[in-house]
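# Survey of secondary and tertiary structure
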Amino acid sequence: ENEAAAMAYVYLLKSNGGMAKALNWLEVALKDRADSFNLRMTYARLLTDNKRFDEAREQFELLYNKKPNDADLIYALGLLSLQQNQFSEAEKYFEDLLELKKYVFDANYYLGRLAEEKNQLDRANNFYFNVQGGDNYYDALIRISLIFAKQGEIEKALTNIRSIEKPNDA
């Protein structure tokens with residue numbers, strides 16, 4: 001009945017190679033503790049790790065209905081929507097993140113990718129320009145150059161590529 005102990009038990013099961021046991025245990029536990037936000041969040045994350053995206057999405061949506069302004073949930077739903085090729089939903093979630101001013105660099109990057117997919121190249125570049133850090137920073141800079149090249153602005157593309165500084169650790 002202690003949530004901290006329950007979470008520790010789930011991670012112990014998972015770390016010992018018992019992903020199926022961890023998921024099964026959580027399913028049973030959630031029948032008795034359906035309102036436990038942390039257990040349900042853990043369950044949703046484990047489902048995602050196990051590539052059971054539809055089930056994970058259901059769990060994240062249940063959590064989202066309880067906390068619609070939770071940036072972690074919105075981000076997870078945005079990524080799951082992308083994974084499942086539900087692009088309009090993904091776009092909505094990433095725009096919500098920008099409104100909340102959370103995960104700003106990631107949201108701009110994914111909105112850029114979505115705009116680029118729709119061949120809205122200027123819009124995509126605007127999003128990419130707003131990626132000022134994070135894991136997708138260098139990819140965004142390169143994508144800006146690729147868009148310039150697609151638009152026939154080769155010199156601009158080359159200038160942009162040349163201006164990219166190498167990361168310190170690479």
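Here's a quick rundown of the structure. (Residues numbered from 1 in each chain as written. Predicted model: local features only at pLDDT ≥ 70, side-chain atom pairs only at ≥ 80, totals over all residues. Heavy atoms only, no water.)

### Description of helix α7 (residues 104-117)
- The end-to-end C-alpha separation of α7 is 20 Å, in line with the 20 Å expected for 14 residues at 1.5 Å each.
- Here α7 lies mainly inside the structure; ten of its 14 residues are buried.
- Buried residues of α7: D106, A107, N108, Y109, Y110, L111, G112, L114, A115 and E116, and no others.
- Buried residues belonging to α7 abut α5 (71-83), α6 (87-100), α8 (121-129) and α9 (137-150).
- Backbone geometry just downstream of α7 places N119 in the positive-phi region, at approximately 65°. (Helix = DSSP H or I, 4+ residues; strand = E, 2+ residues; numbered from the N terminus. Expected span 1.5 Å × (residues − 1). Buried < 20%, exposed > 50% of the residue type's maximum accessible area, 1.4 Å probe, protein only. Contact = heavy atoms within 4.5 Å.)

### What about the side chain of R57?
- Inspection of the secondary structure assignment puts R57 in helix α4 (residues 53-66).
- By relative accessible area, which is 7% here, R57 ends up buried.
- At a separation of 3.2 Å, a polar atom in the side chain of R57 contacts the side chain of Q86. (Polar contact = N/O pair within 3.5 Å; in protein donor to acceptor, adjacent residues only side chain to side chain.)

### Topic: the pattern of salt bridges
- Here the structure, examined in full by the defined rule, presents 14 salt bridges.
- A salt bridge links E95 to R123; the shortest N-O distance between them is 3.7 Å. Of the two residues, E95 sits in helix α6 while R123 sits in helix α8, which places them 28 residues apart along the sequence.
- Under the relative-accessibility criterion, R123 is labelled partly exposed at 30%. (Salt bridge = Lys/Arg side-chain N within 4 Å of Asp/Glu carboxyl O.)

### So, the packing of aromatic side chains
- Within the structure shown, the criterion is met by eight aromatic pairs.
- Relative to W25, the ring of Y9 has its centre 5.3 Å away and its plane inclined at 70°; by these criteria the two rings are edge-to-face. Placement of Y9 in helix α1 (residues 3-15) and of W25 in helix α2 (residues 19-32) is noted, with a sequence separation of 16 residues between them.
- A centroid spacing of 5.9 Å and a plane angle of 90° characterise the contact between Y64 and Y93, whose relative ring orientation is edge-to-face. Linking Y64 in helix α4 with Y93 in helix α6, this pair joins segments that are 29 residues apart in sequence. With respect to burial, Y64 and Y93 carry one shared label: buried.
- Ring-pair connections join several aromatic residues into one group, and the members of that group are Y75, F94, Y103, Y109, Y110 and Y128.
- Across from the ring centre of F37, 4.1 Å away, lies the NZ or CZ of K67, which sits over that ring. (Phe/Tyr/Trp six-rings, centres within 6.5 Å; stacked < 30°, edge-to-face > 60°. Lys NZ or Arg CZ within 6 Å of the ring centre and 35° of its normal.)

### Some words on α4
- Between its first and last C-alpha, α4 extends 20 Å over 14 residues, near the 20 Å set by a 1.5 Å rise per residue.
- F53, A56, R57, Q59, F60, L63 and Y64 are the residues of α4 that are buried. The buried side chains of α4 occupy one side of the element, clustering within an arc of 165° when seen end-on. Turned more than 90 degrees from where α4 packs its buried face, D54 and N65 sit exposed.
- The secondary structure elements touched by the buried residues of α4 are α3 (37-49), α5 and α6. (Arc of directions from axis to C-beta.)

### What to know about the environment of A107
- Among the structural elements, A107 can be located in helix α7.
- Residues contacting A107, with those up to four places away along its chain left out, are F94, L97 and L98.

All quantities given are derived from atomic positions and should not be read as evidence of function.
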